[in-house]
Amino acid sequence: MKIECIRTHHLRSELDEPFGFSQWYYSTRNTLWVEIIADDATTGWGECYGPAEVYEAAITAFYGPPLLGLDPLATDRLWHGMWRSSLDFARRGVMMGAMSGIDMALWDLKGKALGMSVSELMGGRYRESVPCYATGMYFKDMPEEALIGTLVAEALDYQEQGFAAMKIKVGKNPAFDVRLISAMRRALPATTLMADANHAYDLPEAVRIGRVLDEYDFAWFEEPLSPEYELQFRQLHEKLRVPLATGECEQTRYGFQRLLSPGGVQIAQPDLAYCGGISEAMKIRAVASSLGVNVIPHCWGTMLNLAAATHFLASGYLEPGRAEGAGAMLELDRTPSPLRDELFETSVTIEKATAHVPTAPGLGVVVDRSALQSFRVREKEIR
Ligand code: MG
């Protein structure tokens, strides 16, 4: 089997209403998909999380051409070939994001070629369904008091839909954050709540907000600090009860080893469309396991990444593992995204806030090619 063609699809949708978090506002959603086609027409799809235009160039001009003619089933060998070809100038960042999309497409292709789902390729499923938590409650451009009311109403809507767990955004400003956290807990006394600051705080601010999260019994505090300050995570952890989660900006087993080793992080969150792909996520899970840390992927993209994360969670267990142990939850982004919801003939089935793990070969989701046209920015192909 040989790789015959690599195609990139830059897709975009304009949002009706911008939404924001602690760092910026989104007015469009973009994605870069990678399609890899073997000489027997077996096709795999992958996704890159980040700047689509840059990914397109990295794949079609740099990583893609040397892959043509190689065996697509040799996922680990191809990964290390790409790694060595850019190691001198791209140990992290968008080049690794580009490798992630290629690697995801290769796993999808391999599963289809072997007649196995990606979770079977990962070592087998511990479970056939994965409970989801809702990610939402993004900021909108409105007065803060009204915003809190809007966000609480959104959260109550998720509760109505059957979500027992959900994640809010914090990091707007500390005074607002404290009011939002208490309003959410008052409105949802029995819900599992998490808070995500997207690295908005310095250490004293993170201590202050973390103590409020302790008071209101939140389940984790996500990206309280910049990922550059792994020692500060340890300092923060020593002052709080709430578990600390981070890793969506981190990549590779080496990056996670550095981030997790000081012992301040309890939940590692690699994004399979950015961290180095499925191949590297498996190695990150091994590094995290060796440190007693659980891995719950960051998942904020299209149905390809959602399917990959579902397979990853189904094929893993919470450390240290026990007969009656619960599995980790899947992050289900609830912000508007036609790129997630409208481009697939077959999606991951989600009922009552639970994702059913696809059992079809590969990622188990089927792209609806006819739907791509209305979201297409550009398609590029090398062969
Ligand atoms: Mg996050």
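Relevant structure appears above.
Summary of the structure given here. The shown structure was predicted, so the numbers you read here are calculated from the model rather than taken from an experiment.

1. Description of the pairing of strand β5 (residues 165-169)
By the criterion of burial, β5 is predominantly enclosed, with five of the five residues buried. Where strand β4 (residues 129-135) and β5 come together, two bridges link them in parallel fashion. Directly across from Ala 134, in β5, lies its bridge partner Met 166. Across five bridges, β5 lies against strand β6 (residues 192-196) in parallel orientation. By the bridge assignment, Met 166 is partnered in β6 with Leu 193. Crossover handedness for the path β5 to helix α6 (residues 174-187) to β6: right-handed.

2. Side note on the layout of surface pockets
By volume, the largest pocket amounts to about 660 Å³. In this structure, the largest pocket is lined by 36 residues; those nearest its centre are Trp 24, Tyr 26, Tyr 49, Gly 50 and Trp 300. Listed by contribution, the elements that provide at least two residues to the lining of the largest pocket are β2 (25-38), β3 (43-48), α1 (52-67) and β5. Here the lining of the largest pocket takes five residues from β2, the largest share from any one element.

3. As for helix α8 (residues 230-237)
Buried within α8 are the following residues: Glu 230, Phe 233 and Leu 236. Buried residues of α8, viewed axially, fall in a sector of 105°; they line one side. Contacts from the buried residues of α8 go to α7 (203-215), β8 (244-246) and α9 (252-260).

4. Points about the pattern of salt bridges
Tallied over the full model, the rule gives 24 salt bridges. Lys 172 is the salt-bridge partner of Glu 144, the closest N and O atoms lying 3.0 Å from each other. Here Glu 144 is found in helix α5 (residues 144-160), whereas its partner Lys 172 is found in the loop between β5 and α6, with 28 residues between them in sequence. A network of salt bridges, in which partner residues are shared, links Arg 7, Glu 35, Arg 369, Glu 381 and Arg 383.

The rules behind the values
- Residues numbered from 1 in each chain as written.
- Predicted model: local features only at pLDDT ≥ 70, side-chain atom pairs only at ≥ 80, totals over all residues.
- Heavy atoms only, no water.
- Buried < 20%, exposed > 50% of the residue type's maximum accessible area, 1.4 Å probe, protein only.
- Helix = DSSP H or I, 4+ residues; strand = E, 2+ residues; numbered from the N terminus.
- Pairing = 2+ DSSP bridges.
- Right-handed = clockwise from strand over helix to strand, strands pointing away.
- 1 Å grid on protein atoms, 1.4 Å probe; cavity = no way out; pocket = protein on both sides within 12 Å on 5 of 7 lines; lining within 4 Å.
- Points joined across faces, edges and corners; volume = space filled by probe spheres on them.
- Arc of directions from axis to C-beta.
- Contact = heavy atoms within 4.5 Å.
- Salt bridge = Lys/Arg side-chain N within 4 Å of Asp/Glu carboxyl O.

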